[in-house]
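These are the residues of each chain, in order.
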Protein chains: 2
Amino acid sequence: MSNETIVLHEDTRSGNCYKIRLLLAHLGFPYERRQYDILNGGTRTPEFLSEVNSNGRIPVLQVGDRYLPESNAALWYLAEGTRFVPEDRFDRADCLRWMFFEQYSHEPNIATLKFWKVFIGQENWTDTQRILATSKKDAGDAALAVMNEHLEGRQYLVGDSLTIADIALYAYTHTADQADFDLKAYPYVMAWVDAIALEAGHVPMEA
Amino acid sequence: MSNETIVLHEDTRSGNCYKIRLLLAHLGFPYERRQYDILNGGTRTPEFLSEVNSNGRIPVLQVGDRYLPESNAALWYLAEGTRFVPEDRFDRADCLRWMFFEQYSHEPNIATLKFWKVFIGQENWTDTQRILATSKKDAGDAALAVMNEHLEGRQYLVGDSLTIADIALYAYTHTADQADFDLKAYPYVMAWVDAIALEAGHVPMEA
(Lines give C-alpha, C1' and ligand atoms only; values in the text may rest on other atoms or scores of the structure.)
Protein backbone atom coordinates (compact mmCIF):
# COMPACT_ATOMS: atom_id res chain seq x y z
CA MET A 1 0.00 0.00 0.00
CA SER A 2 1.09 3.59 -0.51
CA ASN A 3 2.49 5.73 2.30
CA GLU A 4 -0.22 8.33 1.86
CA THR A 5 -2.29 9.34 4.85
CA ILE A 6 -5.51 7.36 5.31
CA VAL A 7 -8.57 9.27 6.52
CA LEU A 8 -11.85 7.50 7.28
CA HIS A 9 -14.88 9.75 6.72
CA GLU A 10 -17.50 8.13 8.93
CA ASP A 11 -20.36 8.12 11.38
CA THR A 12 -19.36 5.90 14.31
CA ARG A 13 -22.91 4.48 14.52
CA SER A 14 -22.74 3.02 10.99
CA GLY A 15 -21.93 -0.66 10.60
CA ASN A 16 -20.53 0.05 7.14
CA CYS A 17 -17.97 2.35 8.79
CA TYR A 18 -17.27 -0.17 11.56
CA LYS A 19 -16.20 -2.75 8.93
CA ILE A 20 -13.30 -0.54 7.98
CA ARG A 21 -12.28 0.25 11.57
CA LEU A 22 -12.36 -3.48 12.35
CA LEU A 23 -10.10 -4.32 9.41
CA LEU A 24 -7.74 -1.43 10.21
CA ALA A 25 -7.51 -2.70 13.80
CA HIS A 26 -6.57 -6.18 12.55
CA LEU A 27 -4.01 -4.64 10.19
CA GLY A 28 -2.65 -2.35 12.92
CA PHE A 29 -2.66 0.42 10.35
CA PRO A 30 -2.71 4.08 11.52
CA TYR A 31 -5.44 6.38 10.19
CA GLU A 32 -7.36 9.54 10.91
CA ARG A 33 -11.11 9.73 11.50
CA ARG A 34 -13.51 12.47 10.47
CA GLN A 35 -17.04 12.37 11.88
CA TYR A 36 -20.32 13.23 10.15
CA ASP A 37 -23.86 13.10 11.55
CA ILE A 38 -25.90 11.08 9.04
CA LEU A 39 -29.08 11.77 11.01
CA ASN A 40 -28.74 15.49 10.38
CA GLY A 41 -27.69 15.59 6.74
CA GLY A 42 -23.98 15.74 7.49
CA THR A 43 -23.19 13.81 4.30
CA ARG A 44 -25.54 15.85 2.09
CA THR A 45 -23.86 19.26 2.48
CA PRO A 46 -22.56 20.97 -0.69
CA GLU A 47 -18.99 20.54 0.61
CA PHE A 48 -19.38 16.80 1.23
CA LEU A 49 -21.11 16.19 -2.12
CA SER A 50 -18.50 18.10 -4.11
CA GLU A 51 -15.36 17.01 -2.25
CA VAL A 52 -15.94 13.64 -0.59
CA ASN A 53 -18.76 11.68 -2.29
CA SER A 54 -21.33 12.93 -4.80
CA ASN A 55 -23.49 9.96 -3.76
CA GLY A 56 -23.89 11.52 -0.29
CA ARG A 57 -22.92 8.45 1.69
CA ILE A 58 -20.34 7.34 4.20
CA PRO A 59 -17.97 5.64 4.71
CA VAL A 60 -15.47 7.14 2.32
CA LEU A 61 -11.82 6.16 2.55
CA GLN A 62 -9.53 9.06 1.71
CA VAL A 63 -6.09 8.01 0.44
CA GLY A 64 -3.94 11.10 0.12
CA ASP A 65 -6.13 13.39 -1.98
CA ARG A 66 -8.25 10.64 -3.55
CA TYR A 67 -11.63 9.54 -2.21
CA LEU A 68 -12.95 5.97 -2.29
CA PRO A 69 -16.67 5.51 -1.49
CA GLU A 70 -18.33 2.15 -0.78
CA SER A 71 -17.36 0.29 2.40
CA ASN A 72 -16.48 -2.97 0.67
CA ALA A 73 -14.27 -1.26 -1.91
CA ALA A 74 -12.38 0.30 1.02
CA LEU A 75 -11.96 -3.15 2.59
CA TRP A 76 -10.51 -4.43 -0.68
CA TYR A 77 -8.13 -1.48 -1.04
CA LEU A 78 -6.76 -1.96 2.47
CA ALA A 79 -6.66 -5.77 2.53
CA GLU A 80 -5.36 -6.69 -0.92
CA GLY A 81 -2.08 -8.53 -0.54
CA THR A 82 -2.63 -9.23 3.17
CA ARG A 83 -3.85 -12.40 4.89
CA PHE A 84 -7.40 -11.00 4.83
CA VAL A 85 -7.74 -11.64 1.07
CA PRO A 86 -7.24 -15.27 -0.04
CA GLU A 87 -4.34 -16.20 -2.31
CA ASP A 88 -6.39 -18.58 -4.45
CA ARG A 89 -8.06 -16.89 -7.45
CA PHE A 90 -11.44 -18.58 -6.99
CA ASP A 91 -11.44 -17.90 -3.25
CA ARG A 92 -10.63 -14.23 -3.90
CA ALA A 93 -13.67 -13.93 -6.15
CA ASP A 94 -15.69 -15.92 -3.60
CA CYS A 95 -14.77 -13.29 -0.99
CA LEU A 96 -16.24 -10.66 -3.30
CA ARG A 97 -19.26 -12.91 -3.83
CA TRP A 98 -20.08 -12.68 -0.12
CA MET A 99 -19.38 -8.94 -0.10
CA PHE A 100 -21.80 -8.36 -3.01
CA PHE A 101 -24.30 -10.64 -1.25
CA GLU A 102 -23.88 -8.42 1.80
CA GLN A 103 -24.64 -5.20 -0.07
CA TYR A 104 -27.52 -6.65 -2.12
CA SER A 105 -29.29 -9.23 0.06
CA HIS A 106 -28.21 -8.47 3.65
CA GLU A 107 -27.47 -4.79 4.32
CA PRO A 108 -30.52 -3.25 2.57
CA ASN A 109 -32.71 -5.41 4.80
CA ILE A 110 -30.95 -5.92 8.13
CA ALA A 111 -29.06 -2.61 8.33
CA THR A 112 -32.01 -0.59 7.05
CA LEU A 113 -34.39 -2.18 9.58
CA LYS A 114 -31.88 -1.48 12.37
CA PHE A 115 -31.62 2.13 11.24
CA TRP A 116 -35.40 2.51 11.13
CA LYS A 117 -35.91 0.87 14.53
CA VAL A 118 -32.99 2.30 16.48
CA PHE A 119 -32.50 5.75 14.94
CA ILE A 120 -35.89 6.71 13.52
CA GLY A 121 -38.20 4.83 15.89
CA GLN A 122 -41.17 2.76 14.82
CA GLU A 123 -43.62 5.43 16.03
CA ASN A 124 -42.19 7.82 13.42
CA TRP A 125 -42.33 5.48 10.42
CA THR A 126 -44.06 6.56 7.22
CA ASP A 127 -46.72 4.35 5.64
CA THR A 128 -44.13 3.20 3.08
CA GLN A 129 -41.72 2.17 5.84
CA ARG A 130 -44.50 0.27 7.59
CA ILE A 131 -45.28 -1.63 4.38
CA LEU A 132 -41.62 -2.27 3.56
CA ALA A 133 -40.67 -3.44 7.06
CA THR A 134 -42.39 -6.80 6.54
CA SER A 135 -40.66 -7.60 3.25
CA LYS A 136 -37.32 -6.42 4.63
CA LYS A 137 -37.76 -8.70 7.65
CA ASP A 138 -38.49 -11.66 5.34
CA ALA A 139 -35.57 -10.86 3.02
CA GLY A 140 -33.22 -10.37 5.98
CA ASP A 141 -34.24 -13.75 7.38
CA ALA A 142 -33.63 -15.30 3.95
CA ALA A 143 -30.12 -13.80 3.91
CA LEU A 144 -29.37 -15.15 7.39
CA ALA A 145 -30.64 -18.57 6.29
CA VAL A 146 -28.23 -18.55 3.31
CA MET A 147 -25.35 -17.72 5.66
CA ASN A 148 -26.45 -20.34 8.20
CA GLU A 149 -26.58 -23.11 5.61
CA HIS A 150 -23.17 -22.13 4.29
CA LEU A 151 -21.56 -21.89 7.73
CA GLU A 152 -22.61 -25.39 8.80
CA GLY A 153 -19.30 -27.22 9.19
CA ARG A 154 -17.30 -24.10 8.35
CA GLN A 155 -15.47 -21.71 10.64
CA TYR A 156 -15.22 -18.87 8.11
CA LEU A 157 -17.19 -17.83 5.02
CA VAL A 158 -14.25 -18.43 2.66
CA GLY A 159 -11.28 -20.72 3.21
CA ASP A 160 -9.97 -21.48 6.69
CA SER A 161 -9.08 -18.10 8.10
CA LEU A 162 -10.65 -14.69 8.66
CA THR A 163 -11.14 -12.66 5.45
CA ILE A 164 -12.80 -9.39 4.55
CA ALA A 165 -15.90 -11.42 3.63
CA ASP A 166 -16.31 -12.26 7.34
CA ILE A 167 -15.55 -8.67 8.36
CA ALA A 168 -18.08 -7.25 5.86
CA LEU A 169 -20.88 -9.57 6.99
CA TYR A 170 -20.05 -9.42 10.70
CA ALA A 171 -20.81 -5.68 10.88
CA TYR A 172 -24.60 -5.89 10.60
CA THR A 173 -25.03 -9.55 11.58
CA HIS A 174 -23.70 -9.14 15.11
CA THR A 175 -26.27 -6.40 15.83
CA ALA A 176 -29.14 -8.05 13.94
CA ASP A 177 -31.07 -8.43 17.21
CA GLN A 178 -31.47 -4.62 17.21
CA ALA A 179 -33.48 -5.06 13.99
CA ASP A 180 -35.56 -7.82 15.70
CA PHE A 181 -33.83 -10.74 14.02
CA ASP A 182 -33.47 -13.76 16.29
CA LEU A 183 -29.98 -15.20 15.73
CA LYS A 184 -30.90 -18.24 17.86
CA ALA A 185 -32.74 -19.45 14.75
CA TYR A 186 -29.37 -19.47 12.94
CA PRO A 187 -27.02 -21.45 15.21
CA TYR A 188 -24.11 -21.61 12.75
CA VAL A 189 -24.32 -17.86 12.22
CA MET A 190 -24.39 -17.35 16.00
CA ALA A 191 -21.30 -19.53 16.50
CA TRP A 192 -19.52 -17.65 13.71
CA VAL A 193 -20.40 -14.27 15.26
CA ASP A 194 -19.10 -15.41 18.64
CA ALA A 195 -15.88 -16.76 17.14
CA ILE A 196 -15.12 -13.58 15.19
CA ALA A 197 -15.32 -11.51 18.36
CA LEU A 198 -12.62 -13.77 19.83
CA GLU A 199 -10.13 -13.28 16.96
CA ALA A 200 -6.86 -11.66 18.04
CA GLY A 201 -6.99 -7.98 17.08
CA HIS A 202 -10.77 -7.72 17.22
CA VAL A 203 -12.34 -4.43 18.34
CA PRO A 204 -16.01 -3.89 19.18
CA MET A 205 -18.22 -1.50 17.19
CA GLU A 206 -18.20 1.07 19.97
CA ALA A 207 -14.41 1.40 20.05
CA MET B 1 -7.13 -18.55 -14.86
CA SER B 2 -7.53 -22.29 -14.51
CA ASN B 3 -8.21 -24.60 -17.46
CA GLU B 4 -11.44 -25.84 -15.93
CA THR B 5 -14.62 -25.62 -17.97
CA ILE B 6 -16.62 -22.42 -17.46
CA VAL B 7 -20.41 -22.73 -17.41
CA LEU B 8 -22.66 -19.68 -17.16
CA HIS B 9 -25.97 -20.44 -15.42
CA GLU B 10 -28.21 -17.69 -16.74
CA ASP B 11 -31.44 -16.26 -18.08
CA THR B 12 -30.64 -14.45 -21.33
CA ARG B 13 -33.08 -11.64 -20.45
CA SER B 14 -31.13 -10.68 -17.30
CA GLY B 15 -28.73 -7.74 -17.50
CA ASN B 16 -26.71 -9.25 -14.67
CA CYS B 17 -26.09 -12.29 -16.90
CA TYR B 18 -25.35 -10.10 -19.94
CA LYS B 19 -22.47 -8.45 -18.04
CA ILE B 20 -20.67 -11.76 -17.96
CA ARG B 21 -21.37 -12.63 -21.59
CA LEU B 22 -20.10 -9.16 -22.61
CA LEU B 23 -16.85 -9.63 -20.68
CA LEU B 24 -16.38 -13.16 -22.00
CA ALA B 25 -16.86 -11.83 -25.55
CA HIS B 26 -14.16 -9.20 -24.95
CA LEU B 27 -11.88 -11.87 -23.49
CA GLY B 28 -12.66 -14.31 -26.33
CA PHE B 29 -12.97 -16.99 -23.71
CA PRO B 30 -14.97 -20.17 -24.49
CA TYR B 31 -17.80 -21.18 -22.16
CA GLU B 32 -21.00 -23.15 -21.93
CA ARG B 33 -24.41 -21.68 -21.20
CA ARG B 34 -27.26 -23.18 -19.18
CA GLN B 35 -30.65 -21.46 -19.33
CA TYR B 36 -33.19 -20.96 -16.53
CA ASP B 37 -36.56 -19.22 -16.66
CA ILE B 38 -36.56 -16.72 -13.78
CA LEU B 39 -40.20 -15.83 -14.49
CA ASN B 40 -41.28 -19.38 -13.72
CA GLY B 41 -39.22 -20.21 -10.66
CA GLY B 42 -36.40 -21.86 -12.61
CA THR B 43 -33.85 -20.72 -10.02
CA ARG B 44 -35.96 -21.74 -7.02
CA THR B 45 -36.14 -25.48 -7.67
CA PRO B 46 -34.71 -27.83 -4.99
CA GLU B 47 -31.98 -28.87 -7.46
CA PHE B 48 -30.92 -25.29 -8.21
CA LEU B 49 -30.98 -24.26 -4.54
CA SER B 50 -28.95 -27.25 -3.39
CA GLU B 51 -26.45 -27.47 -6.28
CA VAL B 52 -26.06 -24.06 -7.90
CA ASN B 53 -27.02 -21.22 -5.52
CA SER B 54 -28.84 -21.44 -2.20
CA ASN B 55 -29.74 -17.76 -2.67
CA GLY B 56 -31.92 -18.72 -5.67
CA ARG B 57 -30.47 -16.21 -8.11
CA ILE B 58 -28.66 -16.13 -11.41
CA PRO B 59 -26.12 -15.58 -12.83
CA VAL B 60 -23.87 -18.19 -11.31
CA LEU B 61 -20.47 -18.86 -12.84
CA GLN B 62 -19.50 -22.50 -12.59
CA VAL B 63 -15.75 -23.13 -12.64
CA GLY B 64 -15.16 -26.87 -12.83
CA ASP B 65 -17.27 -28.14 -9.94
CA ARG B 66 -17.33 -24.90 -7.96
CA TYR B 67 -20.15 -22.36 -8.16
CA LEU B 68 -19.71 -18.57 -7.93
CA PRO B 69 -22.89 -16.51 -7.47
CA GLU B 70 -23.07 -12.69 -7.84
CA SER B 71 -22.54 -11.20 -11.28
CA ASN B 72 -19.83 -8.77 -10.23
CA ALA B 73 -17.84 -11.46 -8.41
CA ALA B 74 -17.91 -13.44 -11.67
CA LEU B 75 -16.60 -10.40 -13.56
CA TRP B 76 -13.74 -10.13 -11.08
CA TYR B 77 -12.88 -13.84 -11.32
CA LEU B 78 -12.72 -13.72 -15.11
CA ALA B 79 -11.04 -10.31 -15.50
CA GLU B 80 -8.38 -10.31 -12.78
CA GLY B 81 -4.96 -10.04 -14.38
CA THR B 82 -6.38 -8.88 -17.74
CA ARG B 83 -6.63 -5.36 -19.19
CA PHE B 84 -10.19 -5.11 -17.82
CA VAL B 85 -8.93 -4.68 -14.23
CA PRO B 86 -6.58 -1.71 -13.64
CA GLU B 87 -2.97 -2.30 -12.56
CA ASP B 88 -2.96 0.55 -10.03
CA ARG B 89 -4.09 -0.49 -6.54
CA PHE B 90 -6.34 2.51 -5.95
CA ASP B 91 -7.90 2.19 -9.42
CA ARG B 92 -8.56 -1.50 -8.79
CA ALA B 93 -10.48 -0.65 -5.63
CA ASP B 94 -12.18 2.20 -7.51
CA CYS B 95 -13.42 -0.34 -10.06
CA LEU B 96 -15.00 -2.26 -7.18
CA ARG B 97 -16.40 1.02 -5.83
CA TRP B 98 -18.42 1.46 -9.04
CA MET B 99 -19.44 -2.21 -8.99
CA PHE B 100 -20.74 -1.93 -5.40
CA PHE B 101 -22.45 1.33 -6.38
CA GLU B 102 -24.07 -0.61 -9.21
CA GLN B 103 -25.45 -3.32 -6.94
CA TYR B 104 -26.56 -0.94 -4.17
CA SER B 105 -27.68 2.31 -5.82
CA HIS B 106 -28.31 1.45 -9.48
CA GLU B 107 -29.47 -2.14 -10.07
CA PRO B 108 -32.11 -2.35 -7.28
CA ASN B 109 -33.78 0.69 -8.81
CA ILE B 110 -33.20 0.66 -12.57
CA ALA B 111 -33.10 -3.11 -13.13
CA THR B 112 -36.01 -3.76 -10.78
CA LEU B 113 -38.17 -1.12 -12.47
CA LYS B 114 -37.31 -2.59 -15.88
CA PHE B 115 -38.26 -6.05 -14.62
CA TRP B 116 -41.55 -4.80 -13.21
CA LYS B 117 -42.43 -2.83 -16.35
CA VAL B 118 -41.25 -5.23 -19.06
CA PHE B 119 -41.80 -8.65 -17.51
CA ILE B 120 -44.57 -8.18 -14.93
CA GLY B 121 -46.52 -5.33 -16.54
CA GLN B 122 -47.76 -2.26 -14.69
CA GLU B 123 -51.35 -3.54 -14.77
CA ASN B 124 -50.28 -6.51 -12.64
CA TRP B 125 -48.39 -4.56 -9.96
CA THR B 126 -49.22 -5.06 -6.29
CA ASP B 127 -49.96 -2.04 -4.07
CA THR B 128 -46.45 -2.31 -2.65
CA GLN B 129 -44.91 -2.20 -6.13
CA ARG B 130 -47.03 0.83 -6.98
CA ILE B 131 -45.77 2.64 -3.86
CA LEU B 132 -42.15 1.58 -4.38
CA ALA B 133 -42.05 2.50 -8.09
CA THR B 134 -41.88 6.22 -7.28
CA SER B 135 -38.99 5.94 -4.85
CA LYS B 136 -37.15 3.55 -7.19
CA LYS B 137 -37.56 6.04 -10.05
CA ASP B 138 -36.13 8.84 -7.86
CA ALA B 139 -33.25 6.69 -6.60
CA GLY B 140 -32.48 5.47 -10.13
CA ASP B 141 -32.36 9.07 -11.37
CA ALA B 142 -30.03 9.93 -8.48
CA ALA B 143 -27.71 7.08 -9.51
CA LEU B 144 -27.68 8.23 -13.14
CA ALA B 145 -26.90 11.77 -11.94
CA VAL B 146 -23.90 10.50 -9.96
CA MET B 147 -22.63 8.70 -13.08
CA ASN B 148 -23.29 11.72 -15.29
CA GLU B 149 -21.34 14.08 -13.04
CA HIS B 150 -18.45 11.62 -12.86
CA LEU B 151 -18.36 10.99 -16.63
CA GLU B 152 -18.10 14.67 -17.55
CA GLY B 153 -14.68 14.93 -19.18
CA ARG B 154 -14.07 11.19 -18.81
CA GLN B 155 -14.33 8.44 -21.41
CA TYR B 156 -14.48 5.57 -18.87
CA LEU B 157 -15.52 5.25 -15.24
CA VAL B 158 -12.01 4.34 -14.05
CA GLY B 159 -8.72 5.18 -15.77
CA ASP B 160 -8.48 5.58 -19.54
CA SER B 161 -9.66 2.24 -20.88
CA LEU B 162 -12.62 -0.11 -20.61
CA THR B 163 -12.82 -1.97 -17.28
CA ILE B 164 -15.30 -4.28 -15.60
CA ALA B 165 -16.72 -1.19 -13.86
CA ASP B 166 -17.95 0.02 -17.27
CA ILE B 167 -19.19 -3.45 -18.19
CA ALA B 168 -21.08 -3.83 -14.88
CA LEU B 169 -22.83 -0.46 -15.18
CA TYR B 170 -23.45 -0.66 -18.93
CA ALA B 171 -25.73 -3.68 -18.55
CA TYR B 172 -28.73 -1.90 -17.02
CA THR B 173 -27.85 1.66 -18.08
CA HIS B 174 -28.11 0.99 -21.81
CA THR B 175 -31.67 -0.32 -21.40
CA ALA B 176 -32.74 2.25 -18.79
CA ASP B 177 -35.31 3.68 -21.24
CA GLN B 178 -37.25 0.42 -20.81
CA ALA B 179 -37.67 1.43 -17.16
CA ASP B 180 -38.81 4.92 -18.26
CA PHE B 181 -35.54 6.70 -17.50
CA ASP B 182 -34.71 9.43 -20.00
CA LEU B 183 -31.00 9.19 -20.76
CA LYS B 184 -31.19 12.48 -22.68
CA ALA B 185 -31.16 14.12 -19.25
CA TYR B 186 -27.71 12.56 -18.70
CA PRO B 187 -25.66 13.51 -21.76
CA TYR B 188 -22.33 12.21 -20.46
CA VAL B 189 -23.93 8.88 -19.59
CA MET B 190 -25.48 8.76 -23.07
CA ALA B 191 -22.13 9.44 -24.75
CA TRP B 192 -20.49 6.75 -22.59
CA VAL B 193 -23.20 4.21 -23.47
CA ASP B 194 -22.77 4.94 -27.18
CA ALA B 195 -18.98 4.66 -26.97
CA ILE B 196 -19.04 1.32 -25.13
CA ALA B 197 -21.17 -0.21 -27.88
CA LEU B 198 -18.43 0.78 -30.36
CA GLU B 199 -15.59 -0.96 -28.47
CA ALA B 200 -13.91 -3.73 -30.45
CA GLY B 201 -15.27 -7.06 -29.21
CA HIS B 202 -18.61 -5.66 -28.05
CA VAL B 203 -21.70 -7.87 -28.29
CA PRO B 204 -25.29 -6.70 -27.81
CA MET B 205 -27.48 -8.08 -25.02
CA GLU B 206 -29.55 -10.14 -27.42
CA ALA B 207 -26.54 -12.09 -28.72
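Refer to the structure above for everything that follows.
Residues numbered from 1 in each chain as written. Chains lettered and ligands numbered in written order. Predicted model: local features only at pLDDT ≥ 70, side-chain atom pairs only at ≥ 80, totals over all residues. Heavy atoms only, no water.

**Q** Teacher, can you tell me more about the nonpolar core here?
**A** Side chains of nonpolar character tend, in soluble globular proteins, to be buried together. Judged by nonpolar contacts, the single largest core of 122 residues is most densely connected at A:Leu61, A:Ile164, A:Trp192, B:Leu61, B:Ile164 and B:Trp192. Leaving out residues up to four positions away in the same chain, B:Trp192 has contacts with B:Met147, B:Leu151, B:Gln155, B:Tyr156, B:Leu157, B:Asp166, B:Leu169, B:Tyr170 and B:Thr173. (Core = buried A, V, L, I, M, F, W, Y, C linked by side-chain atoms within 4.5 Å. Buried < 20%, exposed > 50% of the residue type's maximum accessible area, 1.4 Å probe, protein only. Contact = heavy atoms within 4.5 Å.)

**Q** What should I look at first to understand the relation of the copies chain B and chain A in this one?
**A** Here two copies of a chain appear, and what relates them is a rotation about an axis with a shift along it. With an RMSD of 0.0 Å, the fit of chain B onto chain A corresponds to turning through 180 degrees and sliding 0.0 Å along the axis. Both chain copies can therefore be described as sitting about a two-fold axis. Among all residues of chain B, the one whose C-alpha sits closest to the rotation axis is B:Tyr104, at a distance of 3.1 Å. Most of the interface of chain B is mirrored in chain A, where 100% of its interface residues are also at the interface. (Least-squares fit on C-alpha atoms with pLDDT ≥ 70 in both.)

**Q** Even after reading the chapter, I still don't get the environment of B:Ile164, so can you show me in this structure?
**A** All names here are of chain B. When you line up the elements, Ile-164 lands in helix H6 (residues 164-173). For the pair formed by Ile-164 and Val-146, sequence separation is 18 residues and the distance between their alpha carbons is 18 Å. What Ile-164 contacts, discounting residues up to four positions off in sequence, is Leu-23, Leu-75, Trp-76, Ala-79, Phe-84, Val-85, Cys-95 and Met-99. (Helix = DSSP H or I, 4+ residues; strand = E, 2+ residues; numbered from the N terminus.)

**Q** I'm lost on the pairing of strand E4 (residues 66-69) of chain A in this one. Help?
**A** Sheet analysis places strand E3 (residues 60-63) of chain A next to E4(A), joined by 4 bridges and oriented antiparallel. Directly across from A:Val63, in E4(A), lies its bridge partner A:Arg66. (Pairing = 2+ DSSP bridges.)

**Q** In this structure, what is going on with the packing of aromatic side chains? I would like to understand it.
**A** In this description, a pair of aromatic rings is defined by centroid distance and the angle of the planes. Across all of its chains, the model carries 16 aromatic pairs over all chains by this definition. Both rings, one in A:Phe90 and one in B:Tyr77, keep their centres 5.9 Å apart while their planes meet at 70 degrees; by these two values the pair is edge-to-face. Placement of the pair is A:Phe90 in helix H4 (residues 89-120) and B:Tyr77 in helix H3 (residues 71-79), with the two residues belonging to separate chains. In this pair, the class of A:Phe90 matches that of B:Tyr77, namely buried. In this structure an aromatic cluster arises from ring pairing among A:Tyr18, A:Tyr170 and A:Trp192. One residue, B:Arg66, lies across the ring of A:Phe90, its end atom 4.1 Å from the ring centre. A cation sits over an aromatic face here: B:Arg89 above A:Tyr77, 5.3 Å from the ring centre. (Phe/Tyr/Trp six-rings, centres within 6.5 Å; stacked < 30°, edge-to-face > 60°. Lys NZ or Arg CZ within 6 Å of the ring centre and 35° of its normal.)

**Q** Sorry if this is basic, but what is going on with helix H7 (residues 187-196) of chain A here?
**A** Two residues of an α-helix separated by three or four positions point the same way, owing to the 3.6 residues in each turn. All names here are of chain A. Taken together, the buried positions of H7 are Val-189, Trp-192, Val-193 and Ile-196. Seen end-on, H7 carries its buried residues on one side only, within an arc spanning 100 degrees. For H7, the secondary structure elements touched by its buried residues are helix H5 (127-151) and helix H6 (164-173). (Arc of directions from axis to C-beta.)

**Q** It is not clear to me how the sheet that holds strand E4 (residues 66-69) of chain B should be interpreted in this structure. Could you clarify?
**A** The pairing of strands in a sheet comes from backbone hydrogen bonds and takes either a parallel or an antiparallel form. One open sheet accounts for 4 strands, arranged E2-E1-E3-E4 (chain B); its pairing is mixed. At either margin of the open sheet sits one strand with a lone partner, and together these are strand E2 (32-35) and E4 of chain B. Between one strand axis and the next, the sheet turns by 25 degrees as a mean value, whatever way the strands run. With respect to the sheet, H4(A) is in contact with strand E3 (60-63) and E4 of chain B, its orientation differing from that of E4(B) by roughly 35 degrees. Sitting on the sheet, H3(B) is in contact with strand E1 (6-10), E3 and E4 of chain B, with an inclination near 120 degrees to E4(B). (Axes fitted to C-alpha atoms, helices over the stretch in contact; angles between N-to-C directions.)

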